[in-house]
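Here is what each chain is made of, one letter per residue.
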Amino acid sequence: MVNRMSLSRRKLLGKLGAAAVAGAGINALAGSARAAQSMDMPMPPHRDGGTIYLDRNENAYGPSEQVVLAMRKSLARANRFPRNAAADLAGHIASFHKLKSQQIVAGCGSTDIFKSAVDAYLGPGKTLIISSPTFDVIGTQAAAAGANVVTVPLSRFWSNDLEGILGRVDASTGLIYICNPNNPTAILNSRSELEAFIAKVPANVRVIIDEAYHHFAGNSSSYASFIDRPVDDERMIVTRTFSKIYGLAGLRVGYAFAGAQTAQALRARSLQENISVVAADAAMAALADTQSLQANIERNSDNRQEFLNQAYARMMRPLDSHTNFVMFKTVRTADELIDHFKRNNILIGPMFPSMENYIRVSIGLPDEMKEFWRVWDMMPFINKMAM
Ligand SMILES: Cc1ncc(COP(=O)(O)O)c(C=O)c1O
């Protein structure tokens, strides 16, 4: 059988030149790649198709070796229904975070839990309040459920405008969605701001705090997670995902910590046996593998810094990033950039409302980012100052 990894590496060497790959690029063939190779499993797709994926804020390194091994083991149980997989995973997550298991809900990605929240708290005559731009999957879900969607522009610092959101709350408000750090701007709202905000939200309104990028928020002193430092409040739904730092976007696993009755309402609206055996085992292994988690955090921080250095060298001033992506202003529109990169096999973006001259780029592997900057520099007059 042809080894797909060596094929991909050969392709890559041809594309970038041996010198470029000799350094950081080779380090990138780590973790899941090594595990995949040793088990003769296919490489992650970014290695196969030639396309570089910098558009969905995934973990380009893939799941850790421990997680790949756990998945392989659980494949042998694929003939059985998941039975208690979601409850087992919820129990595991609860003890990991030292929370009560009845307050944890596991879903097929956090967006699955958003859907349950939409079903529970929205519908015709009800309103969702959401920032713009933000990760607006829940806006689409709410509209499909017949609810009204109110959008509030981000603050001038590109964070959620919490006062502005409060100003739009009325009797029809069922749900408020806050992404922190916010996608696509990568900017944080502080813990104290959020606490003051929540105190002013009416008792019957649920608030989702989406912590998808929690692990990348790092050492900002003003930030604190509502899972790590929970508040016992029936209104709160705090979501996390395995799609980002843990490199499991394709498996679809996420979870929420919520008030006990709220958690019950969400669980009642989720699909029975929603989490597959493989996804549950992978998620549990990912939580246990704290060493890989730490390595991922550090690697992201180094790679993000290198990205910023490259941007500064081109006279650009990206927004301060607390995530695994960077948003920055350019002299071109996002659509022009997206087209240029797409023609060169790199996916970036998308374009976000009211930020047409900004582009969001996910941090990929070092050799992918070298290719990104090579393609960037092919654009005439692009490196003009854009503050
Ligand atoms: C803020 C935010 N929340 C949630 C998700 C997706 O979560 P999941 O894959 O768990 O459904 C994303 C993915 O891009 C995201 O950016």
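One structure accompanies this document, and this report is about it. As the structure is a computational prediction, the values presented were derived from the model and not from experiment. (Residues numbered from 1 in each chain as written. Predicted model: local features only at pLDDT ≥ 70, side-chain atom pairs only at ≥ 80, totals over all residues. Heavy atoms only, no water.)

**Some words on the packing of helix α7 (residues 110–121) against helix α12 (residues 260–268)**
A pair of packed helices can be characterised by two numbers: the angle between their axes and the separation between those axes. The interhelical angle for the contact between α7 and α12, taken along N-to-C directions, is 100 degrees, at an axis separation of 8 Å. What the angle tells us is that α7 and α12 run roughly perpendicular. Here I113, S116, A117 and Y121 of α7 lie close against α12, whose contacting residues are T262, A265 and L266. Its residues placed into classes, the contact of α7 with α12 shows 5 nonpolar, 2 polar and no charged. (Axes fitted to C-alpha atoms, helices over the stretch in contact; angles between N-to-C directions. Helix = DSSP H or I, 4+ residues; strand = E, 2+ residues; numbered from the N terminus. Parallel < 35°, antiparallel > 145°, perpendicular 65-115°, else oblique. Contact = heavy atoms within 4.5 Å. Nonpolar A, V, L, I, M, F, W, Y, C, P; charged D, E, K, R; others polar.)

**Describing the environment of S101**
Looking at the element boundaries, S101 is found in the loop between α6 (85–97) and β2 (104–107). In this structure, the C-alpha to C-alpha distance between S101 and D88, residues 13 residues apart in sequence, is 9.3 Å. Ignoring any residue separated from it by four or fewer positions in sequence, one finds S101 in contact with A90, G91, A94 and R267.

**Focus on the sheet that holds strand β6 (residues 206–210)**
Across the sheet, which stays open at both edges, the 7 strands sit in the order β2-β8-β7-β6-β5-β3-β4 with mixed pairing between neighbours. In the strand order of this sheet, the two ends are held by β2 and β4 (148–153), each with one partner. Strand after strand, the sheet turns through a mean of 20 degrees between neighbouring axes, direction not considered. In this sheet, strand β7 (residues 236–241) lies alongside β6 in parallel orientation, the contact comprising 4 bridges. Looking at β7, one finds that I208 is bridged to I237. (Pairing = 2+ DSSP bridges.)

**With respect to the site of the ligand**
What surrounds the ligand is a group of 15 residues, the closest being S110, D210, T241, S243 and K244. With respect to the ligand, the side chain of D210 contributes an N or O atom lying 2.6 Å from a nitrogen atom. For the ligand, an oxygen atom lies 2.6 Å from a polar atom in the side chain of S243. In isolation the ligand exposes 400 Å². Once the protein is present, 93% of that is buried. (Near = heavy atom within 4 Å. Polar contact = N/O pair within 3.5 Å; in protein donor to acceptor, adjacent residues only side chain to side chain. Areas by Shrake-Rupley, 256 points an atom, 1.4 Å probe, with all protein chains shown as cover.)

**Topic: the packing of aromatic side chains**
Within this structure, the stated rule accounts for 15 aromatic pairs. On the basis of an interplanar angle of 50 degrees and a centroid distance of 5.6 Å, the ring pair of F328 and W376 is categorised as tilted. Taken as a pair, F328 in strand β9 (residues 325–329) and W376 in helix α16 (residues 366–376) lie far apart in primary sequence, 48 residues in all. Like F328, the residue W376 is buried in the burial classification. These aromatic residues form a ring-pair network of at least three members: F307, F328, F341, F372, W373 and W376. R191 extends its terminal NZ or CZ atom over the ring of F226, reaching a point 3.9 Å from the ring centre. (Phe/Tyr/Trp six-rings, centres within 6.5 Å; stacked < 30°, edge-to-face > 60°. Buried < 20%, exposed > 50% of the residue type's maximum accessible area, 1.4 Å probe, protein only. Lys NZ or Arg CZ within 6 Å of the ring centre and 35° of its normal.)

**Let's talk about the pattern of salt bridges**
Counting across every chain of the model gives 10 salt bridges. The partner of K115 in a salt bridge is D119, and the shortest N-O contact between them spans 3.1 Å. Residue K115 and its partner D119 are both found in helix α7; the two are separated by 4 residues, about one turn of the helix. Here R374 and E371 are joined by a salt bridge, their closest N and O atoms 2.9 Å apart. On the criterion of helical spacing, the pair formed by R374 and E371 is a turn pair, its members being 3 residues apart in helix α16. Under the relative-accessibility criterion, E371 is labelled buried at 3%. (Salt bridge = Lys/Arg side-chain N within 4 Å of Asp/Glu carboxyl O.)

**Looking at helix α5 (residues 65–75)**
For α5, the complete set of buried residues consists of V67, V68, A70, M71 and S74. An end-on view of α5 places all buried positions within 160 degrees of arc, on one side of the element. (Arc of directions from axis to C-beta.)

**What about empty space enclosed by the protein?**
If you walk through the whole model with that rule in mind, you get 4 cavities of 30 Å³ or more. Of the voids in this model, the largest cavity is the one considered here, and its volume is about 130 Å³. Taken together, 14 residues form the lining of the largest cavity, with N59, A60, Y61, N300 and I363 sitting closest to its centre. For the lining of the largest cavity, the element with the highest residue contribution is helix α14 (residues 290–313), accounting for 4 residues. Across the lining of the largest cavity, the residue classes tally to 5 nonpolar, 6 polar and 3 charged. For the lining of the largest cavity, the two domains that each supply at least three residues are domain 1 (4–63 + 290–376) and domain 2 (69–288). (1 Å grid on protein atoms, 1.4 Å probe; cavity = no way out; pocket = protein on both sides within 12 Å on 5 of 7 lines; lining within 4 Å. Points joined across faces, edges and corners; volume = space filled by probe spheres on them. Domains from an automatic or database assignment.)

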